[in-house]
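# Structure assessment
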Amino acid sequence: MSGGGFVIPAETQARQRLASDPATSAWVSANAGSGKTFVLTRRVVRILLSGTPASRILCLTFTKAAAATMSNRIFAELAKWVRLDDATLAAALADYEGGDGRISASRLAAARRLFAEAIETPGGLKIQ
């Protein structure tokens, strides 16, 4: 992973992956601009990947601007997945979850459906 033209250290990537794991409880606290929204956005995407319906997810932020940023990032990522070829999508999923990048065809198809499910589900994904 890289952001803003710099490479994120492997240890930081591992900590971010752990904090974004929906199977664990995490408290994310850091300075402004350090990646909190990045981690929390990835956590929401991973919750969706785990099979949780979008209508069962509620994200609350302190500001409307933060909610808009988080929503835009989530929907942009899911929209991008619809257009990726299998190998690129598998690499993206491995980046989110770890692993060797060998992802089943059914898992790839499920990941591609997340954008439509998050938008079209009654109640949808709520980020406020």
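Residues numbered from 1 in each chain as written. Predicted model: local features only at pLDDT ≥ 70, side-chain atom pairs only at ≥ 80, totals over all residues. Heavy atoms only, no water.

### A short note on the packing of aromatic side chains
A complete count under the given rule lists two aromatic pairs for this structure. Taking 6.3 Å as the distance between ring centres and 80° as the angle between the ring planes, the aromatic pair formed by Phe75 and Phe115 counts as edge-to-face. A residue pair is termed long-range when its members are at least 10 positions apart, and Phe75 in helix 3 (residues 64-83) and Phe115 in helix 5 (residues 105-120) qualify at 40 residues. Taking 5.5 Å as the distance between ring centres and 85° as the angle between the ring planes, the aromatic pair formed by Trp81 and Tyr96 counts as edge-to-face. Of this pair, Trp81 sits in helix 3 while Tyr96 sits in helix 4 (residues 86-97), and the two are 15 residues apart along the sequence. Residue Trp81 is classed as buried on the basis of its relative accessible area, which comes to 0%. Looking at Tyr96, the relative accessible area reads 4%, which means it is buried. (Phe/Tyr/Trp six-rings, centres within 6.5 Å; stacked < 30°, edge-to-face > 60°. Helix = DSSP H or I, 4+ residues; strand = E, 2+ residues; numbered from the N terminus. Buried < 20%, exposed > 50% of the residue type's maximum accessible area, 1.4 Å probe, protein only.)

### A short note on the confidence of the model for the chain
Per-residue confidence for the chain gives a mean pLDDT of 85, with 96% of residues at or over 70. Within the chain, the lowest mean pLDDT, 50, falls on strand 1 (residues 2-3), and the highest, 92, falls on helix 3. (pLDDT = per-residue confidence, 0-100.)

### A closer look at the side chain of Ser20
Its place among the elements puts Ser20 in the loop between helix 1 (10-19) and helix 2 (36-49). Assessed through its relative accessible area of 1%, Ser20 is described here as buried. At 3.1 Å, the side chain of Ser20 and the backbone oxygen of Arg17 are in polar contact. With residues up to four places along the chain from it excluded, the contact list for Ser20 reads Val39, Arg42, Arg43, Arg46 and Tyr96. (Polar contact = N/O pair within 3.5 Å; in protein donor to acceptor, adjacent residues only side chain to side chain. Contact = heavy atoms within 4.5 Å.)

### Let's talk about helix 2
Here helix 2 spans 20 Å end to end across 14 residues, near enough to the 20 Å set by a 1.5 Å rise per residue. Every buried residue of helix 2 is accounted for by Val39, Thr41, Arg42, Arg43, Val44, Val45, Arg46, Leu48 and Leu49. Turning to helix 2, the residues buried within the fold contact helix 1, strand 3 (58-59), helix 3, helix 4 and helix 5. Downstream of helix 2 by a residue or two, Gly51 has a phi angle that is positive, lying close to 105°. (Expected span 1.5 Å × (residues − 1).)

### Remarks on helix 1
Inspection of helix 1 places Gln13, Gln16 and Ala19 among the buried residues, and these make up the whole buried set. Projection of helix 1 onto a plane perpendicular to its axis shows the buried side chains occupying an angular sector of 125°, all on one side. Of the residues in helix 1, the exposed ones pointing more than 90 degrees away from the buried face are Ala10, Glu11, Arg15 and Leu18. Where helix 1 is buried, its residues contact helix 2. (Arc of directions from axis to C-beta.)

### Concerning the nonpolar core
The biggest cluster of nonpolar side chains holds 24 residues, and the ones touching the most others in it are Val44, Ile74, Leu78, Trp81 and Leu125. For this core, the elements supplying multiple residues, two or more each, are helix 2, helix 3, helix 4 and helix 5. If you tally residues by element for this core, the top one is helix 3, at six residues. Residues contacting Ile74, with those up to four places away along its chain left out, are Thr41, Val44, Val45, Leu125 and Ile127. (Core = buried A, V, L, I, M, F, W, Y, C linked by side-chain atoms within 4.5 Å.)

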